[in-house]
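This is what each chain is made of:
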Amino acid sequence: MKEVGIALAAALGRPVQRPAVFVEAQFSTVQRWTSGPTTTWNGNVWTSTDLDVQDLLVQAYTLSGSLVLGNSKNEASALVINEGVVDRQFRIWAYDLAAPTDVVVQCTALGGACDVGEQTLSITLRHPCDGMVSPRTFITAADFGSGLPDGATIRIAGIDYQINRKGS
């Protein structure tokens, strides 16, 4: 359980909070962005970037939301076009600008579909377990087709094997 630090407790008590996020994107060169000013956190420099995490919903085995990056200089679209985003890992933390060292883990997500616009680029976020469970498939004898006849000989790595369908 995370305990709320003094700086974060004070920030939450103010009439106006100033939320921000850290996003770590696992591209060939790891990208570390923040929606706040450029800062050092957890031993890394987080570069101020025009970004937003929208409609983030994290549950046990589902995750949805979007990572929206500013694309006015086409830097984000160049990165995405060159390296792709599908199945790329994104780690997201939230914090308040008044307490930038009191950070709360939001999620680890995988990239999905990407929509590149003139001013923004939107990456759909999905749960890391998506696509890892295979559908149930029943296989019958008809699915295998006909095999070699009983008594046929096959050679594997220079050794002859004879097919014996009687089980002896």
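The notes below deal with the structure included here. What you see is a predicted model, and the numbers here were worked out from it, not measured in a lab.

Tallied over the entire structure, the rule returns seven aromatic pairs. Centroid distance Phe-22 to Tyr-95: 4.3 Å. Interplanar angle 20 degrees. Geometry classified as stacked. In this pair, Phe-22 sits in strand E1 (residues 19-25) while Tyr-95 sits in strand E7 (residues 89-96), placing the two residues 73 residues apart along the sequence. Its relative accessible area of 0% is what places Phe-22 among the buried residues. Take Tyr-95: its relative accessible area is 6%, and that puts it in the buried class. Ring geometry for Phe-27 versus Phe-90: centroids 6.2 Å apart, planes at 80 degrees, classification edge-to-face.

So, on to the pairing of strand E11 (residues 159-162). Examined bridge by bridge, strand E10 (residues 153-156) and E11 share four bridges and lie antiparallel to one another. Across the sheet, the residue bridging to Ile-156 is Ile-159, located in E11. Where E10 folds back onto E11 in an antiparallel hairpin, the turn is made up of two residues, including Ala-157, whose phi is positive at roughly 50 degrees.

Looking now at the side chain of Ser-66. Structurally, Ser-66 can be placed in strand E6 (residues 63-70). With near-sequence residues (within four places) excluded, Ser-66 lies in contact with Asp-52, Val-53, Gln-54, Ser-122, Ile-123, Thr-124 and Leu-125.

What follows deals with the sheet that holds E6. As summarised here, the arrangement of the nine strands in space is E3-E4-E2-E1-E7-E8-E9-E6-E5, forming an open sheet in which the pairing is mixed. Of all strands in the sheet, those bounded by a partner on one side alone are strand E3 (39-41) and strand E5 (51-58). Adjacent strand axes in the sheet meet at a mean angle of 35 degrees when their direction is disregarded. Where helix H2 (residues 75-83) meets the sheet, it contacts strand E2 (31-34), E6, strand E8 (99-116) and strand E9 (120-126), and its direction lies at approximately 45 degrees from that of E9.

Along the chain, Ala-60 falls in the loop between E5 and E6. Taking the C-alpha atoms as reference points, Ala-60 and His-127, 67 residues apart in sequence, are found 9.1 Å from one another.

Let us now look at the environment of Ile-123. Mapped onto the elements, Ile-123 comes out in strand E9. C-alpha of Ile-123 to C-alpha of Leu-67: the two residues are 56 residues apart in sequence and 5.1 Å apart in space. Those residues within four positions of Ile-123 in sequence are excluded, and the remaining contacts are Gly-65, Ser-66, Leu-67, Leu-69, Val-85, Phe-90, Gly-111, Gly-112, Ala-113 and Cys-114.

Another aspect to go through is unusual backbone geometry. Look at Asp-55: it is not a glycine, yet its phi comes out positive at around 55 degrees. Within the element layout of this structure, Asp-55 appears in strand E5. Its identity as a non-glycine residue notwithstanding, Asp-87 has a phi of 65 degrees, on the positive side. Inspection of the secondary structure assignment puts Asp-87 in the loop between H2 and E7.

What counts, and at which threshold
- Residues numbered from 1 in each chain as written.
- Predicted model: local features only at pLDDT ≥ 70, side-chain atom pairs only at ≥ 80, totals over all residues.
- Heavy atoms only, no water.
- Phe/Tyr/Trp six-rings, centres within 6.5 Å; stacked < 30°, edge-to-face > 60°.
- Helix = DSSP H or I, 4+ residues; strand = E, 2+ residues; numbered from the N terminus.
- Buried < 20%, exposed > 50% of the residue type's maximum accessible area, 1.4 Å probe, protein only.
- Pairing = 2+ DSSP bridges.
- Contact = heavy atoms within 4.5 Å.
- Axes fitted to C-alpha atoms, helices over the stretch in contact; angles between N-to-C directions.

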